[in-house]
Amino acid sequence: MACAVTCPVWHCFGINKKPRFRVRAERLDGNDLSVVSTDGVSVKETTVPVVVGRGYLVDGGNGSLKSRIEKKMGGEELELLWDDGYGTNTVKDYVDAAKDMIKPDGGPPRWFCPVECGRPIKDSPLLLFLPGLDGVGIGLILHHKPLGKVFEVQCLHIPVHDRTPFEGLVTLVEETVRLEHASRLNCPIYLVGDSLGGCLALAVAARNPSIDLVMILVNPATSLGRSRLQPFLPILEAFPDGLHVRTIPFLLSLVIGEPLKMAEVGVEGRLLPKQKIERISSNLTALLPFYSGLADILPTETLIWKLKLIKSASAYTNSRLHAVKAEVLVLASDKDHLFPSGEEALRLKKLLPNCMIRIFKDNGHTLLMEDSMNLLTVIKGTCKYRRSKSHDFTKDFLPPSMSEYRYTFNNVFGFLNFASCSSLFSTMENGKIVKGLAGVPDEGPVLLVGNHMLMGMDLSSLCEAFLREKKILVRGVAHPELFWGNFHTSSNVFNFFDLMKVMGAMPVSPKSLLKALSTNSHVLLYPGGAREALHRKGEAYKLFWPNQPEFVRFAAQFGATIVPLGAVGEDDMAKVVFDYYDYMKIPMLNDRIKEVIRSGGVQIRDKAKGEVASQEIFIPGMIPKIPGRFYYLFGKPIKLKGREDLVENRESANEVYLQAKAEVERCIGYLLKKREEDPFRSIINRLIYRTFHAPLHQVPSFKP
């Protein structure tokens, strides 16, 4: 009779040194087996040991299976700037946990849920982690805490001495996927496959094209035929089964990862150089047990078996890629010394119909255990997180965590924010202009409408100020090209635009705007869109707004408050020397731009007339200038609560629209004049002041 084994939540994820749970084995016919300790599990007649930490399978009659899984109760929704715990675990924690996980127990491959994943938020999808060569199942240890907040995480553990063939592992995962799909038909199932696990995920997807799967493949081993391991396979296969050679796993450890990137995990970018060097040096020393311990995780006999397993997995999976219909995200390391992962990502992108890739240029094969790789952030930035059949930018949005806030505004936008040193002002209801954001309502819905500066340079400072001063996330609406167009599909690295999505950006559309306002959000809208952000020479601070007052009608529908916004400072940062008109004068570039737009560029306002209808995405030629300063002024709020008449009365709505536009122009003119009075407009004066006085956001400005 077949049986199922419930796996313990291993004690290596808890605080105590002793196991916190015991192993329970139960036959599929419901008759209990004896309970045995975790020191040794003896299970006979095992066929498909499909066991999840949340339950197991039972015979449903006629060869079918039914679920006896106890669902976790969802936790509360995430707060803004929540603590995701990323960086608190390192490779050292992996080594300590692996020492316990690799102890022989006689059991088959099984699922377990790490204790530190905790309880996820309500309606969280299931995430199944499929390990790589090591098979331990804790390759996500750096990401357990962040992922555990928004996923029901289950990890596959393949014991060191287990010899289940690849087809058996496929069956194991497939049965679990089918069971879960039957119990949650409208919810996707996530398969995170690392190396060998990537082949396993693709094989399961190929055999189950009708199941809604989201696959995240990390340096998948489908490229074995072009890897550096391929020439060594015949040599390794010739080793006698009983020969114990510890040097082979040790040599393998030297090429599987980038030690420096592993050591940088948890080291904050805002530390002083001396402090960073000390932390990294300490972490490098702590990595030594990882390399020496790899011989225990992958003894020679197991390593040879795993390499044979990868060979069969690669052949099996590559022959079935044509059947994969699932949503795929490939994460590839450019410095992977085991597999040509960067090239493989490009190959898979061409072969798979719904595939996106992100390449990490400074990382090695062990991408999931290296710095610059918060997996949840990548999932959010590529819009892969969803709890239903399709992604919803409002319902599926996860607020940024504190680690994402620090990474975004310290590491990525740190220099820009330092150079621009933004100064913000707002207008109170009585018309008085004050320093800071006191004049902007705290309670939503609030619609911020303003002018777009060159290349959207105004965004980072604006969003950071709201988070720091008011702990309010401003949700900006962006050009759809960043989500679905040529730019989105051609970008292969995790970049600035991905981080915009992490920080709340959503595609501009009436539907997105209405949904955001319905949730009482603070929404940022630039009516001039790409025409203002990518303006021509001599057009700085000129508005290119459409003639339709649609955003006023949307705001009135929910009783929102419109806050006009003026921003200046781009002319102190860069100068446009080669614009769209210059591009179009060059025949070859002219034809190329038109071809790209015609072949797949996302067009908006295709029915609009005049300059505002020009929404072509291009990058103007610019030369940098000695950094000046950004200035923002929020005009007097326009309250629309109780003005439902504006929804139908277009004439009245147009009056409010013109009022908002005039206020934006007034704010721009005010700032252009008053910034001449700022003694700290020069970056040199600001540097001197900051050396002896306040932090960046407290550098004085002109008096309003």
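Residues numbered from 1 in each chain as written. Predicted model: local features only at pLDDT ≥ 70, side-chain atom pairs only at ≥ 80, totals over all residues. Heavy atoms only, no water.

As recorded in an unreviewed UniProt entry, the protein chain goes by Phospholipid/glycerol acyltransferase domain-containing protein and comes from Gossypium tomentosum.

If you trace the seven strands from one edge of the open sheet to the other, you get β6-β8-β7-β9-β10-β11-β12, paired in mixed fashion. Two strands in the sheet have a free side with no partner beyond their single neighbour: β6 (110-112) and β12 (355-360). Ignoring strand direction, the axes of neighbouring strands in this sheet form an average angle of 20°. Summarising the sheet, strand β11 (residues 327-333) and β12 pair through six bridges and their orientation is parallel. Paired with Leu331 across the bridge in β12 is Arg358. Packed on one face of the sheet, helix α11 (residues 341-351) meets β11 and β12 and runs near 160° to β11. (Pairing = 2+ DSSP bridges. Helix = DSSP H or I, 4+ residues; strand = E, 2+ residues; numbered from the N terminus. Axes fitted to C-alpha atoms, helices over the stretch in contact; angles between N-to-C directions. Contact = heavy atoms within 4.5 Å.)

Let us look at the pattern of salt bridges. By the definition in use, this model includes 33 salt bridges. Two residues, Arg386 and Glu327, come together in a salt bridge whose shortest N-O distance is 3.0 Å. One end of the pair, Arg386, is in the loop between α12 (375-381) and α13 (402-412); the other, Glu327, is in strand β11, and 59 residues separate them in sequence. For the pair formed by Arg386 and Glu327, the shared burial category is buried. (Salt bridge = Lys/Arg side-chain N within 4 Å of Asp/Glu carboxyl O. Buried < 20%, exposed > 50% of the residue type's maximum accessible area, 1.4 Å probe, protein only.)

With respect to the element layout, Thr561 can be found in strand β19 (residues 561-568). Its relative accessible area of 11% is what places Thr561 among the buried residues. Those residues in contact with Thr561 that sit more than four places away from it in its chain are Pro441, Pro445, Val446, Leu447, Pro637, Ile638 and Lys639.

All right, on to helix α19 (residues 510-518) then. Inspection of α19 places Ser512, Leu513, Ala516 and Leu517 among the buried residues, and these make up the whole buried set. Buried positions in α19, seen along its axis, are confined to an arc of 125° and lie on one side of it. For α19, the secondary structure elements touched by its buried residues are β15 (446-450), β17 (506-507), β18 (522-525) and α21 (550-557). Following α19 by one or two positions, Asn520 adopts a phi angle in the positive range, close to 60°. (Arc of directions from axis to C-beta.)

Turning next to the packing of helix α3 (residues 166-183) against helix α4 (residues 196-207). Between two packed helices, both the angle of their axes relative to each other and the distance between the axes serve to describe the pair. Running from N to C, α3 and α4 cross one another at 60°; their axes reach a closest spacing of 9 Å. Put simply, α3 runs oblique to α4. Pair α3 / α4 crosses with right-handed handedness. For the pair α3 and α4, contact is made by Phe166, Leu169, Val170, Thr171, Val173, Glu174, Val177 and Arg178 and by Cys199, Leu200, Ala203, Val204 and Arg207, respectively. Along the lines of polarity and charge, the residues of the contact of α3 with α4 split into nine nonpolar, one polar and three charged. (Parallel < 35°, antiparallel > 145°, perpendicular 65-115°, else oblique. Left-handed = near helix turned anticlockwise from the far one by under 90°. Nonpolar A, V, L, I, M, F, W, Y, C, P; charged D, E, K, R; others polar.)

Before going further, it helps to examine unusual backbone geometry. The omega torsion of the bond from Gly444 to Pro445 falls at 0°, within 30 degrees of zero and hence cis. Within the element layout of this structure, Pro445 appears in the loop between β14 (433-435) and β15. Of note in this structure, Ser195 is not a glycine but carries a positive phi near 55°. Checked against the element boundaries, Ser195 lands in the loop between β9 (189-194) and α4. In this structure, Lys471 takes a positive phi of about 50° despite not being glycine.

This brings us to the packing of aromatic side chains. By the definition in use, this model includes 16 aromatic pairs. Each ring, one from Phe151 and one from Tyr385, has its centre 5.2 Å from the other, and the planes form 80°; the classification is edge-to-face. In this pair, Phe151 is assigned in the loop between α2 (144-150) and β8 (152-157) and Tyr385 in the loop between α12 and α13, connecting sequence segments 234 residues apart. A residue is classified by how much of its surface remains accessible, and Tyr385, at 2% relative accessible area, is buried. Following the ring pairs from residue to residue traces out a cluster consisting of Tyr405, Phe409, Phe413, Phe496 and Phe497. Note that Lys501 overlies the ring of Phe483, its terminal NZ or CZ placed 5.4 Å from the centroid. When the ring centre of Phe544 is taken as reference, the NZ or CZ atom of Arg531 above it lies at 4.1 Å. (Phe/Tyr/Trp six-rings, centres within 6.5 Å; stacked < 30°, edge-to-face > 60°. Lys NZ or Arg CZ within 6 Å of the ring centre and 35° of its normal.)

A word on the nonpolar core. Counting 96 residues, the largest nonpolar core has Phe151, Met215, Leu331 and Leu375 as its most contacted members. If you tally residues by element for this core, the top one is α4, at nine residues. When neighbours within four sequence positions are excluded, Met215 is seen to be in contact with Leu191, Ala201, Leu202, Ala205, Val324, Ala326, Glu327, Val328 and Leu329. The next biggest cluster of nonpolar side chains, apart from the first, holds 70 residues, and it includes Ile472, Phe483, Ile562 and Val568. (Core = buried A, V, L, I, M, F, W, Y, C linked by side-chain atoms within 4.5 Å.)

A separate point is α11. Of all the residues in α11, the buried ones are Ser341, Gly342, Glu344, Ala345 and Leu348. The arc that holds the buried residues of α11, viewed along the axis, is 160°, so those residues lie on one side. Of the exposed residues in α11, those oriented more than 90 degrees away from the buried face are Glu343 and Lys350. In this structure, the buried side of α11 is in contact with β11 and β12.

Where burial is concerned, most of strand β16 (residues 474-478) is hidden: five out of the five residues are buried. What you see with β16 is no split at all: Val474, Gly476 and Ala478 on one side and Arg475 and Val477 on the other are buried throughout. By the bridge criterion, three bridges tie β16 to β18 in an arrangement that is parallel. Each residue of the ladder has a partner; that of Gly476, found in β18, is Leu524. Judged from the two bridges that link them, β16 and β17 form a sheet pairing that is parallel. From the neighbouring strand, Ala478 faces β17, where its bridge partner is Pro507.

Take the environment of Cys421 next. Tracing the chain through its elements places Cys421 in the loop between α14 (414-420) and β13 (423-427). Note: C-alpha distance between Cys421 and Gly628 (207 residues apart in sequence) is 8.4 Å. Cys421 has contacts with Arg629, Phe630, Arg686, Leu696 and Val699, leaving out every residue within four places of it along the chain.

Okay, the confidence of the model for the protein chain next. Per-chain confidence: the protein chain averages 81 in pLDDT, with 75% of residues scoring 70 or above. Across residues 1-73, confidence stays below pLDDT 50; counting only partners more than four residues off in sequence or on other chains, it has 158 contacts. Every residue in residues 242-251 scores below 50 in pLDDT, and together they form 22 contacts with partners more than four places removed in sequence or on other chains. (pLDDT = per-residue confidence, 0-100.)

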